[in-house]
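Understanding the architecture of this molecule
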Amino acid sequence: MTTREITFRDALNEALREEMAREEGVFIIGEDIYGGPGGYQGAFKVTKGLAEDFEDRLLDTPMIEQTIVGAAVGAAMTGSRPVAEIMFEDFITLAMDLLVNTAAKTHYMTAGQYSVPIVVRAACGAVGVGPQHSQTWTSWFMHIPGLYVVLPSTPYDAKGLLKTAIRDDNPVLFLEHKKLYNVKGSVPEDEYEIPLGQARVLCPGDDVTVVAIGYMAGLATQVAGTLRDQGLSVEVIDPRSLAPLDLETIFQSVRKTHKVVVVAEDCKTAGPTAEIAALVSEACFEFLDAPIGRVGARDAPIAHNVGMSEYILPDAADIHEAVQSVIAW
Amino acid sequence: MTISEELMLQMYRYMVLGRLFEQCAEQLTHRGLIPGAFHTGIGEEATHVGATLALTHKDYIIPTHRGHVADIIKGAEPGRLMAEILGRATGYCGGRGGSVHVADAASNNLGVQAVLSAVYPVAVGAALTQKRANTGRIVLAMFGDGASLMGTFHEGMNLSAIWHLPVVWVCVNNQYAMSTNFAEASAIANVADRASAYNMPGHVVDGNDIMVVYETVREARERALAGEGPTLIECKTYRQGGHSTFDTNPYRPQEEIDAWSKRDPITQFEQRLRERGILDEELITQIADGAQEQVDEAQEFALNSPEPPPEAGVEFVFRSSEVV
Ligand SMILES: Cc1ncc(C[n+]2csc(CCOP(=O)(O)OP(=O)(O)O)c2C)c(N)n1
Ligand SMILES: [Mg+2]
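What counts as what
Residues numbered from 1 in each chain as written. Chains lettered and ligands numbered in written order. Predicted model: local features only at pLDDT ≥ 70, side-chain atom pairs only at ≥ 80, totals over all residues. Heavy atoms only, no water. Helix = DSSP H or I, 4+ residues; strand = E, 2+ residues; numbered from the N terminus. Polar contact = N/O pair within 3.5 Å; in protein donor to acceptor, adjacent residues only side chain to side chain. Contact = heavy atoms within 4.5 Å. Near = heavy atom within 4 Å. Areas by Shrake-Rupley, 256 points an atom, 1.4 Å probe, with all protein chains shown as cover. Patch = residues over 30% accessible without salt bridge, like charges linked within 9 Å, V, L, I, M, F, W, Y side chains within 5 Å. Salt bridge = Lys/Arg side-chain N within 4 Å of Asp/Glu carboxyl O. Lys, Arg positive; Asp, Glu negative; His and termini not counted. Charge placed at Lys NZ, Arg CZ, Asp CG, Glu CD. Phe/Tyr/Trp six-rings, centres within 6.5 Å; stacked < 30°, edge-to-face > 60°. Buried < 20%, exposed > 50% of the residue type's maximum accessible area, 1.4 Å probe, protein only. Pairing = 2+ DSSP bridges. Axes fitted to C-alpha atoms, helices over the stretch in contact; angles between N-to-C directions. Parallel < 35°, antiparallel > 145°, perpendicular 65-115°, else oblique. Left-handed = near helix turned anticlockwise from the far one by under 90°. Nonpolar A, V, L, I, M, F, W, Y, C, P; charged D, E, K, R; others polar. Donors = N, O, S within 2.8 Å, 3.2 Å for Na, K, Ca; no water. Core = buried A, V, L, I, M, F, W, Y, C linked by side-chain atoms within 4.5 Å. Domains from an automatic or database assignment. Right-handed = clockwise from strand over helix to strand, strands pointing away. Buried area = accessible area lost by both parts, 1.4 Å probe. 1 Å grid on protein atoms, 1.4 Å probe; cavity = no way out; pocket = protein on both sides within 12 Å on 5 of 7 lines; lining within 4 Å. Points joined across faces, edges and corners; volume = space filled by probe spheres on them.

1. Notes on the side chain of R239 of chain B
All names here are of chain B. Positionally, R239 belongs in the loop between strand 7 (231-236) and helix 9 (254-261). A distance of 3.0 Å separates a polar atom in the side chain of R239 from the backbone oxygen of M178. Not counting residues up to four positions away in its chain, the partners in contact with R239 are I42, E44, R66, N174, Y176, M178, D247, N249, Y251 and R252.

2. Focus on the site of ligand 1
Residue and element names in this part refer to chain B. Near ligand 1, the surroundings consist of 15 residues, among which H65, R66, A114, G146 and Y176 are the closest. Within the contact set of ligand 1, an oxygen atom lies 2.9 Å away from a side-chain nitrogen or oxygen of D145. At a separation of 2.7 Å, an oxygen atom of ligand 1 approaches a polar backbone atom of Y176. About the coverage of ligand 1: the protein hides 73% of its 580 Å² of free accessible area.

3. Section: a negative patch on the surface
Residues D289, E293, D296, E297 and E300 of chain B make up a contiguous surface patch of negative charge. Take E300 of chain B: it is sitting in helix 11 (residues 281-303).

4. Structural notes on the packing of aromatic side chains
Residues and elements named next belong to chain A. By the definition in use, this model includes 16 aromatic pairs over all chains. Aromatic side chains F8 and Y181 sit 6.1 Å apart centroid to centroid with 70° between the ring planes, which places their arrangement in the edge-to-face category. Of the two residues, F8 is situated in helix 1 (residues 8-22) and Y181 in the loop between strand 7 (172-177) and strand 8 (184-188); the sequence distance between them amounts to 173 residues. Like Y181, F8 is buried. Relative to W140, the ring of W137 has its centre 4.6 Å away and its plane inclined at 15°; by these criteria the two rings are stacked.

5. Quick look at the sheet that holds strand 1 (residues 60-62) of chain B
All names here are of chain B. What the 5 strands build is an open sheet, ordered 1-2-3-7-6; its pairing is parallel. Looking at which strands have only one partner, the edges of the open sheet turn out to be strand 1 and strand 6 (202-206). Averaged over all pairs of adjacent strands, the angle between strand axes in this sheet comes to 20°, irrespective of strand direction. Of the pairings in the sheet, the one linking strand 3 (residues 167-173) to strand 7 comprises 6 bridges and is parallel in character. Bridging across to strand 7, N173 finds its partner in K236. Strand contacts of helix 2 (residues 45-53): strand 1, strand 2 (139-144), strand 3 and strand 7, with the helix running at about 170° to strand 2, the strand carrying the most contacts. Of the strands in this sheet, strand 1, strand 2 and strand 3 touch helix 5 (residues 119-133), which is tilted by about 175° from strand 2.

6. Brief notes about the packing of helix 1 (residues 5-30) of chain B against helix 8 (residues 210-225) of chain B
Packed helix pairs are characterised by how far apart their axes lie and by the angle those axes make with each other. Residues and elements named next belong to chain B. Orientation of helix 1 relative to helix 8, taken along the N-to-C sense of each, is 110°, at an axis distance of 11 Å. By the angle between their directions, the pair helix 1 and helix 8 is classed as roughly perpendicular. When the axes of helix 1 and helix 8 are compared, the crossing they make is right-handed. Where helix 1 abuts helix 8, its residues L7, M8, M11 and M15 lie against I210, M211 and Y214. When the residues that make up the contact of helix 1 with helix 8 are grouped by side-chain class, the tally is 7 nonpolar, no polar and no charged.

7. Things to note about the coordination of the magnesium ion (ligand 2)
Residues and elements named next belong to chain B. Ligation of the magnesium ion (ligand 2) by protein atoms is provided by D145 (OD), N174 (OD1) and Y176 (O), these donors lying 2.0 to 2.1 Å from the ion. Read N to C, the donor residues that coordinate the magnesium ion (ligand 2) are spaced as D-x28-N-x1-Y. Here D145 is found in the loop between strand 2 and helix 6 (151-162), whereas its partner Y176 is found in strand 4 (residues 176-177), with 31 residues between them in sequence. Grouping residues by exposure puts D145 and Y176 together as buried.

8. Focus: the pairing of strand 7 of chain B
All names here are of chain B. Burial analysis of strand 7 places 6 of its 6 residues in the buried class, the great majority of the element. Burial of strand 7 is two-sided: the residues T231, I233 and C235 facing one way and the residues L232, E234 and K236 facing the other way are all buried. Inspection of the sheet shows strand 6 paired to strand 7 by 5 bridges, in the parallel sense. Residue pairing across strands places V205 opposite C235, the latter belonging to strand 7.

9. A short note on the nonpolar core
With 126 residues, the main nonpolar core has F143 and W169 of chain B as its most contacted residues. Both domain 1 (3-188) and domain 2 (200-328) of chain A contribute no fewer than three residues apiece to this core. Counting residues in each nonpolar core, the second largest holds 62 residues, with F21, L53, M142 and A224 of chain B among its members.

10. Quick notes on the pattern of salt bridges
Taken as a whole and judged by the stated rule, the model has 31 salt bridges over all chains. Among the salt bridges present, the one from E307 of chain B reaches R88 of chain B, with a minimum N-O distance of 3.3 Å. Taken together, the positions of E307 of chain B in the segment after helix 11 and R88 of chain B in the loop between helix 4 (78-86) and helix 5 put the pair 219 residues apart, joining distant regions of the chain. The exposure class of E307 of chain B is exposed, given its relative accessible area of 53%. On the accessibility criterion, R88 of chain B (8% relative accessible area) is buried. When salt bridges that share partners are traced, they join R4, E14, E18, E19, R22, K159, K163, R167, E189, E191 and E193 of chain A into one network.

11. Describing the pairing of strand 14 (residues 293-297) of chain A
With 4 of its 5 residues buried, strand 14 of chain A lies for the most part within the structure. Between the parallel pair strand 13 (residues 260-267) of chain A and strand 14 of chain A, the chain is carried across by helix 9 (residues 272-284) of chain A, and the sense of this crossover is right-handed.

12. Observations regarding the interface of chain B and chain A
It is common to give the size of an interface as the accessible area lost on bringing the parts into contact. Each partner contributes to the interface: chain B provides 43 residues, whereas chain A provides 45 residues. Here chain B packs against chain A, burying approximately 3,600 Å² in sum over the two surfaces, 60% of which is carbon and sulfur. Where chain B meets chain A, there are 0 salt bridges. Where chain B meets chain A, there are 18 residue pairs in polar contact (both at pLDDT 80 or more). For the side of chain B that touches chain A, the secondary structure elements donating two or more residues are helix 5 and helix 6 of chain B. The dominant element in the side of chain B that touches chain A, judged by the number of residues it contributes, is helix 5 of chain B, at 9 residues. Among the residues forming the side of chain B that touches chain A, the class breakdown is 21 nonpolar, 15 polar and 7 charged.

13. Quick notes on empty space enclosed by the protein
Under the criterion given, the structure shown has 4 cavities of 30 Å³ or more. Around the largest cavity, the lining residues are P63, T64, H65, V112, Q113, L116, V119, M142, F143, G144 and A147 of chain B. Ranked by residues supplied to the lining of the largest cavity, first place goes to strand 2 of chain B with 3 residues. Size it by volume and the second largest cavity reaches roughly 60 Å³. As for the second largest cavity, its lining consists of C124, T136, T138, L151, H177, I213, G214, Y215, M216, A264, E265 and D266 of chain A. Looking at the lining of the second largest cavity, the elements with two or more residues in it are helix 7 (215-229) and strand 13 of chain A. Looking at the lining of the second largest cavity, the element that brings in the most residues is strand 13 of chain A, giving 3 residues. Of the residues in the lining of the second largest cavity, the class split is 6 nonpolar, 4 polar and 2 charged.

Structure (structure tokens):
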């Protein structure tokens, strides 16, 4: 399979382009997304150039997060397959009701008479834009039955998972980390999909398992490289989606390594690491040789100041330290 | 537009059926057979029936939590509707939805939006599909006076107007949102006056006059189909009973209730049809008996329907996806 190096942003753009070409009902709705000449092309330029071929599939709206998500639901119930863009994940709180009460419950409430094949894309993660534009929230959403939560960490995953998310008949929250948009990675020329709920082992190892989500997966891989030089074999697993969650891959790894650290960028309290740690302890208690390590943000909003935000957010050093401490236990 | 005698009789029949159906459900609630509360549209039948009859089978509807006859007019079987209200396995949602979440995809009934603010965005999205795929269908979205004061109203009205969406907005202004009086809760007297802010036509109509409701919705439907965009119609009516089966309704003056009871939509229409020689005593009795029979059958079907197995409560959370 021939591959080329493209950015995470371009990988997403390709997925959108291919899925619009494939299926008439796919359209994109959001703020400042028009990707034609003179268009803003999305706050993070993900819809760039798409208007050339899909002029009438890029629907720019006013600042109406509730209606962006709610209209996507209504359109999906009547046969469309919309992709809604929420500029910053922080703003998803405005659309929370439509996502949680409408999108996630409609298939259930109607006993399957209606389904809601929507993807809500949102940019998460901190890049210095302050407390109301920097959040990564995942546990709120994995808490909701009827909603899938996907966080790609590489261009390859971004493309394959977005394509699958668009084809899936359930509502999917698709979180794109701002620090990843410019990251390059190899992506096949040919079409491919990645099933939702299939974790990826980013690097195999025997001494400790690190389950790292989204942007943290890349950091964990770096840490594994450093530790390998010190003679420690770290297995890094990126679940790629928190719902559905590929527990089997995680459990298998823990049964092999007997030690585990879970990493996510969310605040640590009641973050996704808490749920994964609880599941591991329920299923693999007798295999564990150390308490489960957890790495997350400190319980504070994300400050604008670089020093402060670095202090608040988890980084490679935090992962390194957590791994060392379970090893030393 | 002229309304045929046949259609007038149909209007009358559905209003009678709607009232008897809801009275029956109300009684079942009092007998403890319906989990939760039940909301009737008694006194508002002209609005619910008139607006829904203006649709074709192909058109979509988002009804409200009152006026269950709208579901029946659209195509739901009264028995399965009553079964859903009772939470039985044979109901449209297998007992998961209940009266405030009834949906029937086979009759293009998108279902009540029980988080009341959701009606606007969902209707906008449904209308967007119609416009993009040029389906020749419209979306009728109904909501209360209370719901008209929610933020999504603004987003939805504006977006439907700038995109010229084929949606007809019908506000059932029954004067109250639970105990909150519309006159006190709204800065302006008429919901439909807000239409001018969205550059769309607005009509305030007598919601107890079924012919006016029907004609106004019908015209708005034609307008929507012609690509001219949405219309906001406000039907002034009255909730004769309490908010729900458990509301003793202490916050409304008796004189107000009495005054509106004199303007009961069914009695008024009956009088009109008698004057025109379309209805007589015999036909009135025949229609009432026929409707009662339908309601009795629905009740019997529902009461004889099985409870769903408890473990079915976790079915349908996700749709198992096959690649389309
Ligand atoms: C978002 C939301 N808030 C509150 C309620 C509870 N509630 C159900 S019906 C109702 C009154 C609604 O008034 P209106 O829109 O005028 O409709 P009506 O009941 O009069 O038909 C309320 C407050 C709800 N269902 N949804
Ligand atoms: Mg009301």
